Each structure stands twice: as C-alpha cells, then as structure tokens.
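Each chain, written out:
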Amino acid sequence: MSPANSQQQTPLLDALRDRTNHPHAPFYAPGHKGGQGISQPLIDLFGATVFRSDLPELPELDNLFNPEGAIAEAQDLAAEAFGAKSTRFLANGSTCGIIAAILATCGPGDKIILPRNIHSSAISGLILSGAIPIFVNPEYNSDWDIANSITPESTAAALEQNPDAKAVMIVYPTYHGVCGDLRAIAQITHQYNIPLLVDEAHGAHFNFHPNLPEPALSAGADLTVQSIHKTLGAMTQASMLHVKGDRIDIQKLNRALQLVQSTSPSYILLASLDAARQQIALHGEQLMTKTLLLAEKARSRISQIPGLSVLEPLNTPGFAALDRTRLTVKVSDLGITGFAADEIMHSQLAVTAELLMPQHLTFIISLGNTELDIDNLVKALTILEGRRKKEEGSSATDSVTDVTDVRKKEEGRKKKSERRSPMSDGRFAHSPTLPLSPSPPLLSPREAFFFPAETVPADKAVDRLCAELICPYPPGIPVLMPGEIITPAAVDYLQQILAAGGKITGCSDRNLQTLKVVRQ
C-alpha cells in the first residue's frame, strides 16, 4: 500500500470502535463498566457511546508503554505524516513531552540552554532532572509587549560560554505565532553534536501548507513536541512527540515517558490523535487553505477598525516568520487592557480569546473556525471600539468597559471588592512589560524546590530567592521560578496582572500578598 493510501487507515480508532461494539461481561476497570454505572447528568451531557469507548489496556487495544499492535501502527502513521523518524502519543499533554525531552537528554548537574520565556513545563523538567538552566533572554518587542524567539547569535554565544551543554531547547512558535530562525539555530547547535529540542506546541499544523512557517523537524530539530489538540482536530490534552535523526537516545526517552505519562491513559484521547492524523494527512492543505483565508479576512477587516492594530511580520531580531493563523490584536490604544476587553467580549458579546495580555488579545484561528466566527469576532471588536468612542464623548466614570462594573454584575459585591485596584477601570497607570530576569538562578530549580521555604509579605520578598513557580496563565511563561531572585519589577508585574483581571498560577497566596522564599 502506498504512503498516501496508508494514511487513510486509523488502526487505533478502528480497534477502539470494535471493542466498543463488542458485547461482553466486563470485570475490569473503569468502574462504570462501559457507562452502565455513569451518573445520568453525565450521560445527558455526553451521550452514552463515549462511555462505552472508555476502555483500558485490553489486548486488542495495545499498550502505550510497549506498543506492538494498534498503537504502534498509529504512531508509525503519525511519524510518516509529520516527517518524523518515530512518534510517541502523549495522553498527558505536551507538558509531559517537554519534561520527558529534558529527562532523556539531561541528568543532575547537566547544562541545558533555553530561552527565559520557556513554558512552565520546562521548569518542571529542570526540577525533576536536576539539570542546570542556561537562560538566554529572547528578543523583546516593547511596542507589542511580546517576547520573540532567541536568535542564532545569542544561541551561539551561550554555547561558546557553555560548550559542555547537553541540549538546546527553544519555543517555536511562541504563543503569538512568532517563529525564530530555527534552521540557523539547529545548525549552530549541531556543531556541538548535541540535540535541539523544540516546544512546538502551537505549530502542529505547520507541515501541511506551504504558506505556514517551516516545521521544526524540517528545519533541523532532533525532537519536537506538538499539542495536536491546540491547532488540529484532537481532543484536549492529546499531543505527540516526534524524533528525527540519531541524537536522541530512544530507550532513554521511552523510560522518561513512563515516568510522566499515566499508566491508565485515555484511549479516547489516543484514538483522537489517530483520527486527527488521518484528517490532516489526507485533507491538510485544503483545511489549512481555508484556515489561512479566514485568518486573512479577519486581519484585513480588523485592521480597518480605528484604534486597533493587528500583529504582522516584523523585521526585528528573533522574528523570522509569523504563523498567520494566529491573530494578535492590540487594544491598548483604545485606552483599555486586554483583560478588560476580554471581559466585555466574553461575557457580553459571546466571543472568547485564547490569550489576554496587558496590551493585546490573541485569537487562534484553526480548521474548526467558520466564516460566522470571523464575522462575530469583527463585530465584537467593532462594538468594543464604538463603546470606547462613545465613552470619550461622555463621562469616563460611566464606562461600560470598567472591569469592576463587569465583575460586579457577574460576581457580586464581595468579589468586586476583592479585585479593586488602582487599575480596576480597565486601564494601567503605565503599561507593564514582562520582566524576564537577566540573571541566572542562584540555586538550580531543583535545589530551590526542595530547599526549606518560608512565607513572607510580598514587599519583604524582594531580593530573596523564590521557592515557587509563578506565572500568568495563559501563556504559562514563568515570571518567577524556584531559585531566581525576586525583583521589584516581577512583583509589580504580577500584582498588576492580577489586579487587572489576569490569572496567576503557582503562588500559594492567590491574592499575591505573600510569597514563598527559600529560607535563609
């Protein structure tokens, strides 16, 4: 059978369907026994079929940690479709793939070069492996408050200073769709005969249209992790890890995955990977052509709305290409934050962004979006601009974009009072920028994580070593991590994000009045 014809197959999905429809007496987990013990409200929401497909590692369904049948066949087909030497299905999301990539290449005390705007999952990998991070600050665009990629030059400098590094890891693309010069970074990395690891969580679609950025594997990556669920047709939490070349120890990678994947993976998630691979392998260019057309229509229409700007490719370091299906819209020129804009759009206009930041909103346009979605997005942003224009002609105190007004209607007086701040009208006194620490951690993330900690008031934590992994989520880029010096800029940034309506994860004190620090 030719490769094109083989991509029509869905071996894991077929095996799951066969077992779902096979009548038998189940005396194995899960306890609901094919849905017979599921509560009625869940059946009313999801239907009965999905629970009949919630099956464990039956012989016909293969085993994720020792695949020989349907899973092995499905992974081989995925490797073929995505241009890999081998592929592993991930049921614990890209998080487990990033952690496993670090565990497979770095041990305690080994150095790994990576950008400071890495996802929090990489910090988890550092804590678990004991590896020492050599952080490279990415190029930063202050006009948009966006961190780009690290550059080939900064990568080369880090390797020259740390020739004993065991791996380089980069983010490609960023949450905003920004891509660095990955091909050049790969060539530099390989001069040291070490692997290039890529967090390609937001780039699973790149391999399927010529007008998208170059896929990481094609550009020279040795290992890449993709969130198939983010931009393609798999279910949430379903991801893949791809390997190409001979710089990755496959057996060590397999052992690492056993540490971070559930021993009871969801076959529904795994089958969704098989189905998503078939869909994109057979119809990828058609689906991506439609997606790109929708994105271009959105860009063109939104760019004509006064007070709004759309991120386009910039001739700046760390910005070699842009994924044009990722739409970032600056709203700060309307006099409001991305958080305030999202409150209005989500709660009043039925349009929800993927990422909200102080100056902008980011929207994912994917194969699942429609013309109607784009119309609703443009309409919502037009209404947003119109309301601001109307406010400018009246009293600013009556603003419908007041974040606390929105929250008062939705959450009540108690939550309103808890969230009040100098910025509670949806504006910042000054636009905060992401404070990425220029200094290396004084303790490794692992040492700081296991070191005795104490809780102190936030203002007393400045200049102490952080004991927590704290980041706005999304995008999940740590502002503070274990072992790093807490700076006034970091505390101020986090408090501004929280006060403006953003979400902060990793801090024991959800109000950010106190921080955990390494005990002196």
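Residues numbered from 1 in each chain as written. Predicted model: local features only at pLDDT ≥ 70, side-chain atom pairs only at ≥ 80, totals over all residues. Heavy atoms only, no water.

Right, let's get into the overall build of the chain. For the chain, the helix and strand inventory stands at 18 helices and 19 strands. A fraction of 72% describes how many contacts in the chain between residues 6 or more apart in sequence connect residues 24 or more apart. Per element, the accessible surface of the chain, about 21,900 Å² overall, is 51% carbon and sulfur. (Helix = DSSP H or I, 4+ residues; strand = E, 2+ residues; numbered from the N terminus. Contact = heavy atoms within 4.5 Å. Areas by Shrake-Rupley, 256 points an atom, 1.4 Å probe, with all protein chains shown as cover.)

We now examine the side chain of T20. Among the secondary structure elements, T20 is positioned in helix α2 (residues 11-20). Take T20: its relative accessible area is 11%, and that puts it in the buried class. At a separation of 2.9 Å, a polar atom in the side chain of T20 contacts the side chain of S53. Residue contacts for T20: discarding those within four places in its chain leaves R52, S53 and L55. (Buried < 20%, exposed > 50% of the residue type's maximum accessible area, 1.4 Å probe, protein only. Polar contact = N/O pair within 3.5 Å; in protein donor to acceptor, adjacent residues only side chain to side chain.)

Summed over all chains, the structure comprises 14 salt bridges. R324 serves as the salt-bridge partner of E312, at 2.8 Å between the closest nitrogen and oxygen. Of the two residues, E312 is situated in the loop between β11 (309-310) and β12 (321-322) and R324 in the loop between β12 and β13 (326-330); the sequence distance between them amounts to 12 residues. Salt bridges here are not isolated pairs; linked through shared partners, they connect E296, R299, E312 and R324. (Salt bridge = Lys/Arg side-chain N within 4 Å of Asp/Glu carboxyl O.)

In terms of nonpolar packing, the biggest core is built from 57 residues, with F82, F89, I170, I228 and L270 touching the most fellow members. No other element matches helix α13 (residues 267-302), which puts 10 residues into this core. One finds V310, A341, I365 and A490 within the second-largest nonpolar core, a separate group that totals 53 residues. (Core = buried A, V, L, I, M, F, W, Y, C linked by side-chain atoms within 4.5 Å.)

Confidence along the chain averages 90 in pLDDT terms, with 90% of residues attaining 70 or more. Counting interchain partners and residues more than four positions distant, the pLDDT-below-50 stretch residues 395-404 has 23 contacts. Of the regions scoring below 50 in pLDDT, residues 406-431 engages in 47 contacts with residues more than four places distant in sequence or in other chains. (pLDDT = per-residue confidence, 0-100.)

Turning our eyes to something else, we now look at the packing of helix α6 (residues 93-105) against helix α12 (residues 250-260). Running from N to C, α6 and α12 cross one another at 135°; their axes reach a closest spacing of 8 Å. Judged by the angle between their axes, α6 and α12 are oblique. Judged by the sense of rotation from one axis to the other, the crossing of α6 with α12 is right-handed. Touching C96, I99, A100, L103 and A104 of α6 are K252, L253, A256, L257, L259 and V260, all from α12. Among the residues forming the contact of α6 with α12, the class breakdown is 10 nonpolar, no polar and 1 charged. (Axes fitted to C-alpha atoms, helices over the stretch in contact; angles between N-to-C directions. Parallel < 35°, antiparallel > 145°, perpendicular 65-115°, else oblique. Left-handed = near helix turned anticlockwise from the far one by under 90°. Nonpolar A, V, L, I, M, F, W, Y, C, P; charged D, E, K, R; others polar.)

Below, the discussion takes up the sheet that holds strand β2 (residues 111-115). Sheet architecture is open: 7 strands sit in the order β1-β10-β9-β8-β6-β2-β3, paired in mixed fashion. Each end of this open sheet is capped by a strand with a single partner; those strands are β1 (86-90) and β3 (132-136). Between one strand and the next, the sheet's axes are offset by a mean angle of 20°, whatever the strand orientation. As defined by bridge partners, strand β6 (residues 167-171) adjoins strand β8 (residues 196-199) across 4 bridges and the pair is classed as parallel. (Pairing = 2+ DSSP bridges.)

In this section: α6. Counting buried positions along α6 yields 12 of 13 residues, so the element is predominantly enclosed. Listing the buried residues of α6 in full gives G93, S94, C96, G97, I98, I99, A100, A101, I102, L103, A104 and T105.

Moving on, we get to unusual backbone geometry. A cis amide bond, omega 5°, links A29 with the succeeding residue P30. Residue position: P30 is located in the loop between α2 and α3 (40-46). Look at the link from Y172 to P173: it is a cis peptide, with omega at -5°. As for its placement among the helices and strands, P173 is situated in the loop between β6 and β7 (178-179). Positive phi, normally seen in glycine, also occurs at K33, with a value near 55°. With respect to the element layout, K33 can be found in the loop between α2 and α3. The phi torsion at A350 lies on the positive side, around 60°, for a residue other than glycine. As for its position among the elements, A350 is in the loop between α14 (338-348) and β14 (355-356). On the basis of relative accessibility, which here comes to 69%, the residue A350 falls in the exposed class.

In this section: the pairing of β3. The element β3 is extensively covered by neighbouring structure, given that 4 of its 5 residues are classed as buried. Relative to β3, β2 is paired through 5 bridges, and the arrangement is parallel. Within β3, the residue paired with I112 across the bridge is P133. Handedness of the crossover joining β2 and β3 through helix α7 (residues 120-129) is recorded here as right-handed. (Right-handed = clockwise from strand over helix to strand, strands pointing away.)

The subject of this paragraph is the environment of Q75. In this fold, Q75 is placed in helix α5 (residues 70-82). Dropping the residues within four chain positions of it, Q75 is found in contact with L64, P67, T87, R88 and F89. At a separation of 3.5 Å, a polar atom in the side chain of Q75 contacts the main-chain carbonyl oxygen of T87. Among the polar contacts made by the side chain of Q75, one reaches the main-chain amide nitrogen of F89 at a distance of 2.9 Å.

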